[in-house]
Amino acid sequence: MILEILNHPYRYEAEKLVRVFFPNETLQIVCEQAAHDGEAVVTTALQNGEVFVRFADKNGAEEASAEAGSDGELSMMTLLFSVLRARTGYTPKWGLLTGVRPSKLFWKLKNDRGAGEAARYFTDTLFVSPEKTALASAVCAQEETALRLSRPDSCSLYVSIPFCPTRCSYCSFVSQAISAPSARRLMPRYVELLAEELQKTGALSRALGLRLETVYFGGGTPTTLSAEALATLLAAVRESFDLSHLREYTVEAGRPDTVTAEKLEALKKGGVTRVSINPQTFNDDVLRAIGRRHTAAETEEAYRAARAAGFDAINMDLIAGLPGETQASFCRSVDKAVSLGPENVTVHTLSLKRASNLTAAGAQFDREGARCADGMLRYAASALQDAGYAPYYMYRQSKTLGNLENTGYTKPGHACLYNIYMMEECHTVLGAGAGAVTKLKAPHGADIARIFNYKYPYEYIEGFQELLSRKRAIPAFYEAHPAEEGR
């Protein structure tokens, strides 16, 4: 498929919207009009104050034009949406929205115009379905308490552990499967250098007077590390940062086959207050199909072990749309999670990322799969809310079944603060480890700057000194954006 971008700067937005309607197509983007034999062509043009869109393929053509108006981007995307919807007969539930953070946009509109106007803008201008508009509104309502806690000098810490027991078929992260000897050999040196990076980052945080509010160990699977390695890193955090203002400390123990009593004890002694025990599904056949070497029974055992270790804040992840999962089996997984009673349940939608084994094996989207995933999300929302959970954070990924979303649900008083702060970009998140990104947020204003760590563990190890030098940008950013207004 060809996407023609003619005389306008909205290439990124047009590309994202076309991919919503044609997720399996290879998209070639050109900036000139030409004949294309036999290929479907989407033409987007801006000329003489008008926007023009045409979709043509072997079955015919559909085109429309309109006045560009004061917001050229919105005019172009509205017209593109209407042409593609008319031609395909498909109406995406998130309408024009293709970004990661629809709740952030709703929050801004709500603050500027009020909740009612925000909802009307979503449904009437952005063509978001009433169901998804209500979800964005509900998430914003849950976020308010957490966002009021964040101050201009607040920050969070993300620690990346890019190792897993095996690689799940849907995964596109840079995590390394420790079944490979090369990955296992990297782990001791990686832990050593990560502890050093935490020490250097903590020193910067203290010098700047930042208040560390939340810590989140993600991956990968942090509990792939030994109990001793986990204790080393938890000690590095404790010794390097001022934890007197800490509200929450999460470590993902996402793979039940990595959870042991010794590791849970190390986490508890290290100050961790929240863990994730992630089944993804309670269907053993699906677990085998996606490459997870544990059973549903082992997930329950890991969950009960975490409870026995004293954890009173546990998250469980489920994924809608996994290969081999049916509507009925997914509903049973939701019901099982509800019966166990974790404080948080996060319901993801399958995303077919380019680097995943599923995509490499030729997996593609289809409308039936999207409809099935939508039904799964609807059931999860209903069952969880009936059980007393509320949606508290939400985000979207590219190349997701049905262009749908990922939503975290919480019992009252147990919302994961880190997830909210990270999604709403309300304060700085310091990153440590391979693939981590430090996202610096101006204390008074919307300016954001990013510092990227090397992605892969071997790159992280080889480029460690360069990585540390990049972090000199942290104090420079705060010098330019002081925490105290008026300086």
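Everything that follows concerns the structure shown earlier in this document.
First, a word on what this report is: a plain description of the structure on this page. On a predicted model such as this, the values are computed, not experimentally measured, just so you know. (Residues numbered from 1 in each chain as written. Predicted model: local features only at pLDDT ≥ 70, side-chain atom pairs only at ≥ 80, totals over all residues. Heavy atoms only, no water.)

## Some words on the pattern of salt bridges
Stated precisely, the cut-off is as follows: Between Lys or Arg on one side and Asp or Glu on the other, a salt bridge is scored when a side-chain nitrogen of the former is within 4 Å of a carboxyl oxygen of the latter. Helix and strand assignments follow DSSP, with helices taken as H or I runs no shorter than four residues and strands as E runs no shorter than two, numbered in order from the N terminus. Type-normalised accessible area, obtained with a 1.4 Å probe on protein chains alone, sets the label of each residue: buried when under 20%, exposed when over 50%, and partly exposed for intermediate values.
For the coordinates displayed, the defined rule picks out 30 salt bridges. The partner of K104 in a salt bridge is E425, and the shortest N-O contact between them spans 2.4 Å. Linking K104 in helix α3 (residues 102–113) with E425 in the loop between α14 (417–424) and β16 (428–432), this pair joins segments that are 321 residues apart in sequence. On the basis of relative accessible area, E425 is assigned to the buried category, the value being 9%. A salt bridge links R120 to E117, with the shortest nitrogen-to-oxygen separation between them at 2.7 Å. With R120 and E117 both in helix α4 (residues 115–125) and 3 residues apart, the pair spans about one turn of that helix. For R120, a relative accessible area of 44% corresponds to the partly exposed category.

## Notes on the packing of helix α11 (residues 327–340) against helix α13 (residues 367–386)
Rules: Angles run from 0 to 180 degrees between N-to-C directions of axes, and those axes are lines fitted to C-alpha atoms, restricted for helices to the stretch in contact. Comment on the angle field: the value is read as roughly parallel under 35 degrees, roughly antiparallel over 145, roughly perpendicular from 65 to 115, and oblique elsewhere. For any pair of crossing helices, the crossing counts as left-handed if the nearer helix is rotated counterclockwise from the farther one by less than a right angle, and right-handed if it is rotated clockwise. We call two residues in contact whenever any of their non-hydrogen atoms come within 4.5 Å of each other. Under the grouping applied here, Gly and all other residues not named as nonpolar or charged are polar, the nonpolar ones being Ala, Val, Leu, Ile, Met, Phe, Trp, Tyr, Cys and Pro and the charged ones Asp, Glu, Lys and Arg.
Relative to each other, α11 and α13 sit at 25°, their axes nearing to 10 Å. Judged on the interaxial angle alone, α13 and α11 are roughly parallel. Remark: the crossing between α11 and α13 carries right-handed chirality. Across the interface between the two elements, Q327, F330, C331, V334, D335 and V338 of α11 pack against C372, G375, M376, Y379, A380, A383 and L384 of α13. Here the residues of the contact of α11 with α13 sort into 10 nonpolar, 2 polar and 1 charged.

## Observations concerning the side chain of E143
Here is the rule we go by: Positive charges are assigned to Lys and Arg, negative charges to Asp and Glu, while His and the chain termini are left out of the count.
Summarising the element assignment, E143 is placed in helix α5 (residues 130–149). No salt bridge is formed by the buried E143, whose closest oppositely charged neighbour, K110, lies at an N-O distance of 8.4 Å. Discounting chain neighbours no more than four positions away, the residues touching E143 are S103, W107, Y392, Y393, I420 and E424.

## Here we look at the packing of aromatic side chains
Short version of the rule: Two rings from Phe, Tyr or Trp (for Trp, the six-membered ring) form a pair when their centres are within 6.5 Å of each other. A pair whose planes differ by under 30 degrees is stacked, one over 60 is edge-to-face, and the rest are tilted.
Applying the stated criterion across every chain, the model contains 16 aromatic pairs. Both rings, one in F22 and one in F55, keep their centres 5.5 Å apart while their planes meet at 5°; by these two values the pair is stacked. Here F22, found in the loop between α1 (11–21) and β2 (28–30), pairs with F55, found in strand β4 (residues 50–57); they are 33 residues apart in sequence, far enough to count as distant. Using a relative accessible area of 3% as the deciding quantity, one classes F55 as buried.

## Side note on the packing of α1 against helix α2 (residues 72–88)
Packed helices, taken two at a time, are described by the angle between their axes plus the distance between the axes. For the pair α1 and α2, interaxial distance at closest approach is 10 Å and the crossing angle is 20°. In terms of orientation, α1 lies roughly parallel with respect to α2. You can see that α1 and α2 cross each other, and the crossing is right-handed. Touching E13, A14, L17, V18 and F21 of α1 are E73, M77, L80, F81, L84, R85 and T88, all from α2. Split into classes, the residues belonging to the contact of α1 with α2 amount to 8 nonpolar, 1 polar and 3 charged.

## Section: unusual backbone geometry
Each neighbour pair has its own omega, and for G219 with G220 the value is 10°, a cis peptide bond. Following the sequence through the fold, G220 ends up in the loop between β9 (211–219) and α7 (227–240). Of note, the phi angle at F127 is positive, near 60°, even though the residue is not glycine. For F127, the position within the fold is in the loop between α4 and α5. At Q280, a residue that is not glycine, the phi angle is positive and equals roughly 65°.

## A look at α3
Spelled out, the test is: Multiplying 1.5 Å by the helix residue count minus one yields the expected span of that helix.
The first and last C-alpha atoms of α3 sit 16 Å apart over 12 residues, in line with the 16 Å expected at 1.5 Å per residue. Burial in α3 covers these residues: P102, S103, F106, W107 and L109. On the buried face of α3, the contacting elements are α4, α5, β14 (390–396) and α14. Looking at the residues trailing α3, positive phi occurs at G114, about 100°.

## Examining the pairing of β16
Just so we agree on the cut-off: Two strands pair if DSSP finds at least two bridges between them.
With 5 of 5 residues buried, β16 lies mostly within the body of the structure. Here β16 shows no split at all, with T428, L430 and A432 on one side and V429 and G431 on the other all buried. Two elements, strand β6 (residues 154–161) and β16, share 5 bridges in a ladder whose sense is parallel. Paired with Y158 across the strands is G431, a residue of β16.

## Points about helix α17 (residues 473–480)
Quick reminder of the rule: Here, the arc refers to the directions that run from the helix axis to the C-beta atoms.
If you check which residues of α17 are buried, you get I474, F477 and Y478. One face of α17 carries all of its buried residues, which in axial projection span an arc of 95°. Turned more than 90 degrees from where α17 packs its buried face, E479 and A480 sit exposed. On its buried face, α17 sits against α6 (181–207), β16, β17 (437–441) and β18 (448–452).

## Overview of the sheet that holds β2
Spatially, 5 strands are ordered β2-β1-β3-β4-β5 in an open sheet, and the strand pairing comes out mixed. Of all the strands in the sheet, the pair left with one neighbour each is β2 and β5 (60–67). Here the average twist between neighbouring strands, direction ignored, is 10°. Inspection of the sheet shows strand β1 (residues 2–6) paired to strand β3 (residues 41–47) by 5 bridges, in the parallel sense. When the bridges of β3 are listed, E4 appears paired with T43. Packed on one face of the sheet, α1 meets β1, β2 and β3 and runs near 155° to β1. Here α2 sits on the sheet and contacts β3, β4 and β5; the angle it forms with β4, its principal contact strand, is near 25°.

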